[in-house]
Amino acid sequence: MEKKNIVLLICTILNFIAVFASNAVNIIIPTVAAEFHMSNIVQNWITIIFFLVMAMLSIPAGQISGKYGLKKVTIMSSALFIIISIVNVFVTSSEQFLLCRLVLGLVLAFINVTSMAMVVSAFDPQERGKALGLNITGVYVGLSLSPFLGGVLNYQLGWRSVILFAVPLLIIIIALLLRIDDEWITFEGIPIDVKGSVAYGIGIALFIYGFTILNETLGVILTVVGIMILIVFAMIELRQEHPVFDIKFLKNRVFLSANLASLCAYLATFAVTTILNYHLQYIKGFDSQTAGIILLVAPVCQVILAPIAGRLADRHVPQILAAIGMALGTISLILFSTLSYETSLGFVIVSMIIYGVGFGLFNR
């Protein structure tokens, strides 16, 4: 196998692992919460602290990885992922579990950046689009299978098996990376934008945390302060010769609209998975395996629809299909907002089918 194809395989698997580590944990939260006697607030922090750290470090991680070497950072991040996963299975309290999630969020912030950057660096421009398309497959496979795999593993082997699921894959990835002679340094000789990185980290942390308690006065204050610091961050970046994030990118309408569309799609996907998981396990009383199987309905619809949507996109205006898909997705979200104890399983499945069809069309 060619070196560039090995890199593509490695990065696709890393994408799958990153999504699995982000999403599969949702299905095991009730089990973990029961073992460590977590309150509802503490349970929420299992996901909040993970994504908060990722959000804070994702942009600085790009510059740091580019300066010290994408392969080197990926190997170190993968090794730390393995270590923290093993440590996680031996925790004895909710505080220790949350600390492991915090470190895991830090690690995945770097893995998310380096996996995409290595593909871009390994492939020539004329091959890059196809390679990135294959690479992103790992994300969608992870989004589709994480609830199911997490549910089955949790039910059959316990929540610790979900935590350890990625360890064998990461060992193989490290072995493959060590056989590659190339190193990709994209920021050699360029100083790290410390001011911008610190301002961004503080601003995004205050904004996200404030938003989680927006019903309180403190939440409103923190959110506003976070926005103000992010504005200061933008001003700092405009003056930097080598900014950690080039604000001028936002002038590119394609870049801006694509990122906004992705943000909406991933917000909806994560929200639906989280809400339905809680509904199925806490309200309906299903075990994690049954809940995971039910959560497969939407992904299966997307898989079935994929070839059909592809042919439709060739014959009709893709923007129209995307608009129809978004409209169906919106309808499904409205239906999900009405969930209650009396809601039948049939209603949930029909709503998931509408959701799967909608986002299947949108993603084409």
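Above this text you will find the structure in question.
Residues numbered from 1 in each chain as written. Predicted model: local features only at pLDDT ≥ 70, side-chain atom pairs only at ≥ 80, totals over all residues. Heavy atoms only, no water.

> I'm lost on the overall build of the chain in this one. Help?
Helix and strand counts for the chain stand at 15 helices and 0 strands. Expected size for 364 residues packed as a compact globule is a radius of gyration near 21 Å; at 21 Å, the chain falls within 12% of this value. Dimensions of the chain, computed from C-alpha atoms along their principal axes, come out at roughly 60 × 55 × 45 Å. By the burial criterion, 45% of the 364 residues in the chain qualify as buried. A sequence separation of at least 24 residues applies to 79% of the contacts in the chain between residues at least 6 apart. Accessible area of the chain: about 18100 Å², with a carbon and sulfur share of 70%. Taking the 19 positively charged and 17 negatively charged side chains of the chain as two groups, their mean positions are separated by 5 Å. (Helix = DSSP H or I, 4+ residues; strand = E, 2+ residues; numbered from the N terminus. Rg over C-alpha atoms; globule rule 2.2 N^0.38 Å. Buried < 20%, exposed > 50% of the residue type's maximum accessible area, 1.4 Å probe, protein only. Contact = heavy atoms within 4.5 Å. Areas by Shrake-Rupley, 256 points an atom, 1.4 Å probe, with all protein chains shown as cover. Lys, Arg positive; Asp, Glu negative; His and termini not counted. Charge placed at Lys NZ, Arg CZ, Asp CG, Glu CD.)

> Whenever I open this one, a nonpolar patch on the surface confuses me. Can you help?
A cluster of nonpolar side chains, contributed by F249, L250, F255, L256, L260, L263 and L267, occupies part of the molecular surface with about 620 Å² of accessible area. Here L256 is to be found in helix α11 (residues 253-283). Since its relative accessible area comes to 34%, L256 is described here as partly exposed. (Patch = residues over 30% accessible without salt bridge, like charges linked within 9 Å, V, L, I, M, F, W, Y side chains within 5 Å. Salt bridge = Lys/Arg side-chain N within 4 Å of Asp/Glu carboxyl O.)

> Where do I start with the side chain of N26 in this structure?
For N26, the position within the fold is in helix α1 (residues 3-36). Residue contacts for N26: discarding those within four places in its chain leaves T47, F270, T274 and N277.

> Even after reading the chapter, I still don't get the packing of helix α9 (residues 194-212) against helix α10 (residues 217-239), so can you show me in this structure?
If you want to describe how two helices pack, look at the angle between their axes and the distance between the axes. Contact geometry of α9 with α10 gives a least axis separation of 7 Å together with a crossing angle of 155 degrees. By the angle between their directions, the pair α9 and α10 is classed as roughly antiparallel. For the pair α9 and α10, the crossing hand works out as left-handed. Residues K195, G196, A199, Y200, I202, G203, I204, L206, F207, Y209, G210 and F211 of α9 lie in contact with α10, whose contacting residues are G219, L222, T223, V225, G226, I227, I229, L230, F233, I236 and E237. Considering only residue class, the contact of α9 with α10 consists of 15 nonpolar, 6 polar and 2 charged. (Axes fitted to C-alpha atoms, helices over the stretch in contact; angles between N-to-C directions. Parallel < 35°, antiparallel > 145°, perpendicular 65-115°, else oblique. Left-handed = near helix turned anticlockwise from the far one by under 90°. Nonpolar A, V, L, I, M, F, W, Y, C, P; charged D, E, K, R; others polar.)

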